[in-house]
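# Coordinates in review
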Amino acid sequence: MISIRQVEVIRAVMVARSISGAAQLLNVSPAAVSRMLRHTESQIGFPLFSRTPNGFVPMPEAHAVLDDLEQVHSSLARIEARLAGPAREDAALRIGTSPGLGLSVVPGALSALRARQPQLRFELGVMHVNEVLPLLEFRRYDFALTIYEIEDPRLDIRQIAQAPLVCLMSKDHPLAGRAQVTLEEIAAHPMIGYDPQAFQQRLIDGMFRSRGLTPDYHVRCRLMNTACVLVQENLGITLLDRFTVQGRLPEGTCVAAIDIDYSFPLNVISMRDAPLSREGEGFLAEVERLVSA
């Protein structure tokens, strides 16, 4: 017989599709997950996952027991909640957010909601695109706010706003003070870029490529928030979504519109089988009000 821990490991790998993702969900080391998975596969006599360049893909035998794994997981979650008892104070609102939104739009909306509901308890967590599905699947958060679109039949995606791509620069930059700049003008100056495989960087590269331009990236970083700090130090200019600097333009910087017609969506992502609560809908109403203002 396999143990409860083995059940948790199998399910976590199925959800995260990677050893490192499963380890994060279970709050253990990747080595521990890898050892447990190897032991389980050796014990039952066949592999549960196909190791591919795109991650761990469940074998048919693993899919066959998925429903049973979900039932065991749900039962364990209920037991844990009952053992926690009334002394445990759960947040009424658990929000996951991409890094940029977590420093701009989300805090402002939470502040407005708290003004109306002073006793409201909430939890806020930053997640990257590959963490959205696992953390929602494990009910770690009620929903996520992100500029990304994730295609998965288990998820419900609702767009509540849009924001354009803008150019952020130091106030000392030659282009500073302009209401709008062109891609040609931007490409003539040192730029701060992102991971070449990241969604936003592929989008930006495609825009330059469509005009036959090759931007000069002097610095690359992972997050748009980091790019903002680098711009403050006048290390280059960067392109980012207007949500990231919504109401919180970094000191010593300014933004300019770009001569392109593209807007980033502000998406609310949740599990299809987990409707949003009244508090959740109230929070989203504040987000929409804040962004439209």
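As a starting point, this report considers the structure included with it. Just so you know, these numbers come straight off a predicted model, no measurement behind them.

### With respect to the overall build of the protein chain
Tallying secondary structure elements over the protein chain gives twelve helices and twelve strands in all. For the C-alpha atoms alone, the extent of the protein chain along its principal axes is close to 70 × 45 × 30 Å. Here the protein chain holds 293 residues, and 45% of them are scored as buried. Expressed as a percentage of contacts within the protein chain between residues at least 6 apart in sequence, the contacts between residues at least 24 apart total 72%. Summed over its atoms, the accessible surface of the protein chain is roughly 15200 Å², and 51% of this surface lies on carbon and sulfur atoms. The averaged location of the 33 negative side-chain charges in the protein chain is 4 Å from the averaged location of its 29 positive side-chain charges.

### Some remarks on the nonpolar core
Core analysis: the biggest nonpolar cluster contains 57 residues, and Leu145, Ile186, Phe208 and Phe283 have the highest contact counts within it. Other than its neighbours up to four places away in sequence, Leu145 contacts Gly96, Thr97, Ser98, Leu101, Val106, Ile160, Leu266, Asn267, Val268, Phe283, Leu284 and Val287. Membership of the second largest hydrophobic core comes to 32 residues, among which are Ile10, Ala16, Ile19 and Phe56.

### Overview of helix α12 (residues 278-292)
Between its terminal C-alpha atoms α12 stretches 21 Å, which fits the 21 Å expected from 15 residues at 1.5 Å a residue. Where α12 is concerned, the buried positions are Gly280, Gly282, Phe283, Leu284, Glu286, Val287 and Val291.

### Some words on empty space enclosed by the protein
Applying the stated criterion across every chain yields a total of one cavity of 30 Å³ or more. Around the largest cavity sit Thr97, Ser98, Met127, His128, Val129, Val132, Ala144, Leu145, Thr146 and Tyr148, which together line it. Along the lines of polarity and charge, the residues of the lining of the largest cavity split into six nonpolar, four polar and no charged.

### A word on a nonpolar patch on the surface
A grouping of Ile2, Ile44 and Phe46 is seen on the molecular surface, where their side chains present a nonpolar patch of about 210 Å² in accessible area. Topologically, Ile2 is positioned in the segment before α1 (4-16).

### Section: the packing of aromatic side chains
Throughout the structure, instances matching the rule amount to five aromatic pairs. Among the aromatic residues, ring-to-ring pairing joins Tyr148, Phe199, Tyr262 and Phe264 into one connected group. For Arg140, the ring lying beneath its charged end belongs to Tyr141, and the centroid distance is 5.2 Å.

### Digging into the packing of α1 against helix α2 (residues 19-26)
It is the contact of α1 with α2, at a shortest axis distance of 8 Å, that shows an interaxial angle of 125°. Relative to α2, α1 is oriented oblique. With respect to the hand of their crossing, α1 and α2 are arranged in right-handed fashion. Between α1 and α2, the contacting residues are Arg5, Glu8, Val9, Ala12, Val13, Val15 and Ala16 on the first element and Ile19, Gly21, Ala22, Leu25 and Leu26 on the second. Across the contact of α1 with α2, the residue classes break down as nine nonpolar, one polar and two charged.

### Concerning the pattern of salt bridges
Here the structure, examined in full by the defined rule, presents 14 salt bridges. Residue Asp273 pairs with Arg139 through a salt bridge whose shortest N-O separation is 3.0 Å. Of this pair, Asp273 sits in the loop between β12 (263-271) and α12 while Arg139 sits in the loop between α8 (132-137) and β5 (143-146), and the two are 134 residues apart along the sequence. Its relative accessible area of 34% is what places Arg139 among the partly exposed residues. A salt bridge links Arg178 to Glu185; the shortest N-O distance between them is 2.9 Å. Arg178 gets classed as partly exposed once you look at its relative accessible area, which sits at 34%. Sharing partners across several salt bridges, the network here consists of Arg116, Glu286 and Arg289.

### Side note on unusual backbone geometry
Of note, Arg17 is a non-glycine position whose phi angle comes to about 65°, a positive value. The backbone of Asn234 sits at a positive phi, close to 60°, despite the residue not being glycine. For Asn234, the location among the structural elements is in the loop between α11 (224-232) and β10 (238-241).

### A closer look at the side chain of Asp241
Tracing the sequence through the fold places Asp241 in strand β10. For Asp241, which is buried and forms no salt bridge, the nearest opposite charge comes from Arg242, at a distance of 8.5 Å. A polar atom in the side chain of Asp241 sits 3.1 Å from the backbone nitrogen of Phe243. A polar atom in the side chain of Asp241 sits 3.0 Å from the backbone nitrogen of Thr244. With residues up to four places along the chain from it excluded, the contact list for Asp241 reads Ile147, Pro164, Leu165, Met224 and Phe264.

### Brief notes about the packing of α1 against helix α3 (residues 30-44)
In a packed pair of helices, the relevant descriptors are the angle between the two axes and the axis-to-axis distance. Following both chains from N to C, one finds α1 and α3 inclined at 105°, their axes separated by 10 Å at the closest point. The orientation of α1 with respect to α3, classified from their angle, is roughly perpendicular. Of α3, the residues touching α1 (which contributes Arg5, Gln6, Val9, Ile10 and Val13) are Val33, Met36, Leu37, His39, Thr40 and Gln43. Each residue belonging to the contact of α1 with α3 can be placed in one class, and the counts come to six nonpolar, four polar and one charged.

Rules used in this analysis
- Residues numbered from 1 in each chain as written.
- Predicted model: local features only at pLDDT ≥ 70, side-chain atom pairs only at ≥ 80, totals over all residues.
- Heavy atoms only, no water.
- Helix = DSSP H or I, 4+ residues; strand = E, 2+ residues; numbered from the N terminus.
- Buried < 20%, exposed > 50% of the residue type's maximum accessible area, 1.4 Å probe, protein only.
- Contact = heavy atoms within 4.5 Å.
- Areas by Shrake-Rupley, 256 points an atom, 1.4 Å probe, with all protein chains shown as cover.
- Lys, Arg positive; Asp, Glu negative; His and termini not counted.
- Charge placed at Lys NZ, Arg CZ, Asp CG, Glu CD.
- Core = buried A, V, L, I, M, F, W, Y, C linked by side-chain atoms within 4.5 Å.
- Expected span 1.5 Å × (residues − 1).
- 1 Å grid on protein atoms, 1.4 Å probe; cavity = no way out; pocket = protein on both sides within 12 Å on 5 of 7 lines; lining within 4 Å.
- Points joined across faces, edges and corners; volume = space filled by probe spheres on them.
- Nonpolar A, V, L, I, M, F, W, Y, C, P; charged D, E, K, R; others polar.
- Patch = residues over 30% accessible without salt bridge, like charges linked within 9 Å, V, L, I, M, F, W, Y side chains within 5 Å.
- Salt bridge = Lys/Arg side-chain N within 4 Å of Asp/Glu carboxyl O.
- Phe/Tyr/Trp six-rings, centres within 6.5 Å; stacked < 30°, edge-to-face > 60°.
- Lys NZ or Arg CZ within 6 Å of the ring centre and 35° of its normal.
- Axes fitted to C-alpha atoms, helices over the stretch in contact; angles between N-to-C directions.
- Parallel < 35°, antiparallel > 145°, perpendicular 65-115°, else oblique.
- Left-handed = near helix turned anticlockwise from the far one by under 90°.
- Polar contact = N/O pair within 3.5 Å; in protein donor to acceptor, adjacent residues only side chain to side chain.

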